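Structural description and commentary
Listed here are the chains, written in short residue letters.
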Amino acid sequence: MSSTLDAGGSANTHPSTWKRPPVLVKNNTLRYALIIGAIVYLVLAIGSLEVNWARVYEGLDRGWQFVKGFLQPDFTSRWKDIKIGMIESLTMALTSTVAGVLISIPIGIGAARNLVPPFVYRICRSIIAISRSLQEIIIAILFVAMFGFGPFAGFLTLSFATIGFLSKLLAEDIEVVDKSQLEAVRATGASWWQLVNYAVQPQVAPRLIGLSLYRLDINFRESAVIGIVGAGGIGATLNTAIDRYEYDSAGAILLIIISVVMLAEYLSGYARKWVQ
Amino acid sequence: MNITENSGVSHLRWQHRTGVQRLALWVGWLLLVAFTVYCWQVMTESTIWAFVADAPRQAADLGSRMVPPKWSYINVLWVPLWHTLNIATLGTMIGVAIAIPVAFLAARNTTPSRFFVRPIALFIIVASRSINSLIWALLLVSIIGPGVLAGVVAIGIRSIGFVAKLLYEAIEETDTAQIEAVTATGASRSQVVNYGILPQIMPSIYGISVFRWDINIRESTILGLVGAGGIGRQLQASLNVLAWPQVTLIFIVILATVVVSEWISAKVRHAII
Amino acid sequence: MLRVDALSKTYATGDKALDDVSFTVEAGQVVGLIGPSGAGKSTLIRCVNRLVEPTSGSVHLNDEAITGLSRKHLGQMRRRIGMIFQEYALVERLTVMENVLSGRLGYVSFWRSFMRRYPAEDVQQAFALLDRVGLVQHANKRADALSGGQRQRVGIARALEQNPELLLVDEPTASLDPKTSRLIMRLIVEICSERNLPAIINIHDVVLARQFTQRIIGLQEGRVVFDGAPNELDDSVLTRIYGEEDWTDIEGARSEESAEDDVSEA
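Because the structure is predicted, anything quoted here is derived from the model rather than measured. (Residues numbered from 1 in each chain as written. Chains lettered and ligands numbered in written order. Predicted model: local features only at pLDDT ≥ 70, side-chain atom pairs only at ≥ 80, totals over all residues.)

Counting secondary structure elements, chain A contains 10 helices and 0 strands. For chain A, the succession of helices and strands along the chain, N to C, is α-α-α-α-α-α-α-α-α-α. Projected onto the principal axes, the alpha-carbon positions of chain A cover approximately 85 × 75 × 35 Å. Long-range pairs, those at least 24 residues apart, make up 73% of the contacts in chain A with a sequence separation of at least 6. (Helix = DSSP H or I, 4+ residues; strand = E, 2+ residues; numbered from the N terminus. Contact = placed C-beta atoms within 7 Å.)

Below is the structure:
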């Protein structure tokens, strides 16, 4: 840096306009093509909405009823149904999480590349892929068709979904465990079972507990949904309430769901801190 | 792990856990097992075991009815599929547009008031997050009538909480030195947001939006079950008439859509970040 | 001219960072603020533009009070005070030019700054400043693509883009190597003399402070314990500021650095 350069003297030779270079797409043609494409898509998409404005206008009043119902929820008139639904949802969430975790542990270990032979790995990964790609509601439809209406079908659905979720995360956790610790335990001549018990379990157990609690929370939320297709739980109660336009009861149910989820989040945060 | 020391080195005794800890652990596990068993009994009280025992036969029956899929039905599915895509995309856009201001109101370092505005913003986030989009759709169909619009709004409402939560965490993690430097130039509050905070969270906004879009594609395929438009509506219609070959085809189409959207979202996220 | 009167700051945690600090800085004077970490150097310069709100006392710039200004007027006051930061504090994901232009934020409307449409003379001045610090060819690069020394020069250009009446400089060399540190210090001092700018440079490196500043203020536990010319800063004063033990470390560092300096200047 030399002090012969002078800020004032050369000012007139500097440009007086500046345009920010494009941030995401540097190529001009491509950028304009993308912008035009986006606008055309938006016009077509909004055009496809086919809004029935008269019906929407009519709905404004109902929307207001819902807001009022939400602010002044009615817990009492449908309390019996709400209670049955909540008990079903909560028991479903807990039992399916426990069952799901128990099945997830062997599958998760089997899906960890560093612990098992390739053919076991491939089998376990396919199970995970199937469980993850099918949505809860679709599984619930099939299970209701096979096992009949009620929480048992819901339990199976949620357990199945838990397997995909937990095994995948567990397998990923196991695959990143500290290699040196694996080697150290292997070097002592430990058997495969001892290896899992001494080198893997201590490293992944705290996170497994955290994930199980998180999945418990998800299972509860999902239990409110699968009831719509007949798999038991609070969803069925909610469906009935909304069908009958009983927005104050629906508001009460939604508030209960929200508070359980909030409580679960608070408690699981606390439990995770305690585990570590 | 614990070392209990008695009098000298020769008496060092190693134990995995102390007696009390071990006992507490066992009692904890025992309680969990007992509680699970109790819940199981409560849950299955009304279960008719004859139906469950019959399930393998039902499954075989269902399986035989579901294959082969009715491939010709695909021609009916193109328009609902287009609607599904629109529900997810427009819903994501609405959700992100509302989530950005909500996130700024909820982040500790940008909220105008910690004791009044922040709790409201947090409640909006929790309410939107804890209720599944299918339930929002159920409500909206009842309020504004069946159709694609109800689906768009349902997806939008559900996306607010998800996007706002991740975003406000990103805002709270921004580098304070950069914000302080912009403040020191005499910039107004909105200019500080524009120059100090926004550049830092732009990658998060893109990433979270694409991630949510991917989830929304998945969710919008089934919203039709409650009347909110898209391919789920054909699913509902086929289920009602027990047209299982059509149901199979719809499942296959949904699966393909989900796989494709996951692939697109991974590609886009990779390109942006 | 900057006047600081009986300035005190006690944080909400009860820590007393500043205790009855008073001094004046004349136009064109470059003051080095030294002291051990935790002495209140950083709090002091942040109290001047009220990034940290002082508990009591007053600050005047050219006889206008800074303390007691409303939010709106504070913005107008801040744009007259340029600030250069430790670790540069550039907005990493914006271009170099946007960072320099952000020095004009206090003068342009939100809409103009949002659209990046700054007045012609602002843009011209920004280019001139980038030229002055030798970075004009990097104007369209993102700030995080530059090296440490380059980033600090962008930080200087941003502060000067404000056409400030006072420069506040917070540990400008903390994350730079010794040679770049000297280049940056020299640039700051040169610019101050060109523009007759008063400056407070908060600096932990006593050697650099002695070499480049005209006056040194020593802070210890929030109080001014030394205020005078660099050559008056002898070992007994340094012992008073840094304490016995730390002082020998600094002595070691000094001989090391001067040796390095000989090499780099040879």
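There is more to say, and it comes next.
Helix and strand counts for chain B come out as 11 helices and 2 strands. Listed by position from the N terminus, the elements making up chain B come as β-β-α-α-α-α-α-α-α-α-α-α-α. A globule of 273 residues ought to have a C-alpha radius of gyration of about 19 Å, yet chain B, at 27 Å, is considerably larger. Taken along its principal axes, the extent of the C-alpha atoms in chain B is 80 × 65 × 35 Å. Buried residues in chain B amount to 42% of all 273 residues. (Rg over C-alpha atoms; globule rule 2.2 N^0.38 Å. Buried ≥ 20, exposed ≤ 12 C-beta atoms within 10 Å, placed from the backbone.)

The next thing to look at is the interface of chain B and chain A. Listed as interface residues are 45 residues of chain B and, on the opposing side, 46 residues of chain A. Secondary structure elements with two or more residues in the side of chain B that touches chain A: α1 (19–43), α2 (49–53), α3 (55–66), α4 (74–106), α5 (117–130), α6 (133–144), α7 (148–172) and α11 (244–272) of chain B. Element by element, the count of residues in the side of chain B that touches chain A is highest for α6 of chain B, at 7 residues.

Looking now at the environment of Ile-35 of chain A. Here Ile-35 of chain A shows up in helix α1 (residues 28–47). Along the primary structure Ile-35 of chain A and Ala-171 of chain A are separated by 136 residues, whereas in three dimensions their C-alpha atoms are 41 Å apart.

Taking 1.5 Å of rise per residue, 32 residues should cover 46 Å, and helix α3 (residues 79–110) of chain A covers 46 Å from first to last C-alpha, within 8% of that figure. Of all the bends in α3 of chain A, the greatest, near 30°, is centred on Ser-104 of chain A, and the proline Pro-106 of chain A appears no more than four residues after it. (Expected span 1.5 Å × (residues − 1). Bend = angle between axes of the 7 residues up to and from the residue.)

This paragraph deals with the nonpolar core. Within soluble globular proteins, side chains that are nonpolar generally end up buried alongside one another. Residue and element names in this part refer to chain B. By size, the foremost hydrophobic cluster in this structure holds 212 residues, and its most contacted members are Ala-103, Ala-137, Leu-140 and Leu-167. Top element by residues in this core is α7. It accounts for 16 residues. Not counting the four nearest positions on each side in its chain, Leu-167 is found in contact with Ala-99, Ile-100, Ala-103, Ile-201, Ser-204, Ile-205 and Ile-208. (Core = buried A, V, L, I, M, F, W, Y, C linked by C-beta atoms within 7 Å.)

In this section: the interface of chain A and chain C. Across the contact, 13 residues belong to chain A and 18 residues belong to chain C. Residue composition of the side of chain A that touches chain C, grouped by class: 7 nonpolar, 5 polar and 1 charged. (Nonpolar A, V, L, I, M, F, W, Y, C, P; charged D, E, K, R; others polar.)

Right, let's get into the sheet that holds strand β5 (residues 64–65) of chain C. As a general point, the strands of a sheet are linked pairwise by backbone hydrogen bonds and lie either parallel or antiparallel. Residue and element names in this part refer to chain C. With respect to topology, 4 strands assemble into an open sheet ordered β2-β1-β4-β5, the strand pairing being antiparallel. Two strands in the sheet have a free side with no partner beyond their single neighbour: β2 (16–25) and β5. Taken together, the 2 bridges between strand β4 (residues 56–61) and β5 define a ladder with antiparallel strand orientation. Counterpart to His-60 in the pairing with β5 is Ala-65. Packed onto the sheet, helix α1 (residues 41–48) meets β1 (2–10), β2 and β4 and runs at close to 60° relative to β2. (Pairing = 2+ DSSP bridges. Axes fitted to C-alpha atoms, helices over the stretch in contact; angles between N-to-C directions.)

Before going further, it helps to spend a moment on the sheet that holds strand β8 (residues 199–202) of chain C. All names here are of chain C. Pairing is mixed in the open sheet, where 6 strands are placed in the order β6-β7-β8-β3-β9-β10. Of all the strands in the sheet, the pair left with one neighbour each is β6 (81–84) and β10 (223–228). Taken pair by pair, the neighbouring strands of this sheet meet at an average axis angle of 20°, ignoring direction. Here 4 bridges tie strand β3 (residues 30–34) to strand β9 (residues 215–220), and the two strands are oriented parallel to one another. Bridge pairing in β9 places Val-31 opposite Arg-215. The sheet contacts of helix α6 (residues 148–161) involve β6 and β7 (166–170), and relative to β6 the element is tilted by about 170°. Sitting on the sheet, helix α7 (residues 178–195) is in contact with β3, β7 and β8, with an inclination near 165° to β8.

Once that is clear, we can look at the packing of helix α6 (residues 151–175) of chain A against helix α8 (residues 192–226) of chain A. Residues and elements named next belong to chain A. One way to put it is that α6 packs onto α8 with a least axis distance of 9 Å and a crossing angle of 150°. Here α6 lies roughly antiparallel to α8, going by the angle between them. In the packing of α6 onto α8, the handedness of the crossing is right-handed. Touching Gly-154, Thr-157, Leu-158, Ala-161, Thr-162, Phe-165, Leu-166, Leu-169, Leu-170, Asp-173 and Ile-174 of α6 are Val-200, Val-204, Arg-207, Leu-208, Leu-211, Arg-215, Asn-219, Glu-222, Ser-223 and Ile-226, all from α8. Taken together, the residues that form the contact of α6 with α8 break down as 12 nonpolar, 5 polar and 4 charged. (Parallel < 35°, antiparallel > 145°, perpendicular 65-115°, else oblique. Left-handed = near helix turned anticlockwise from the far one by under 90°.)

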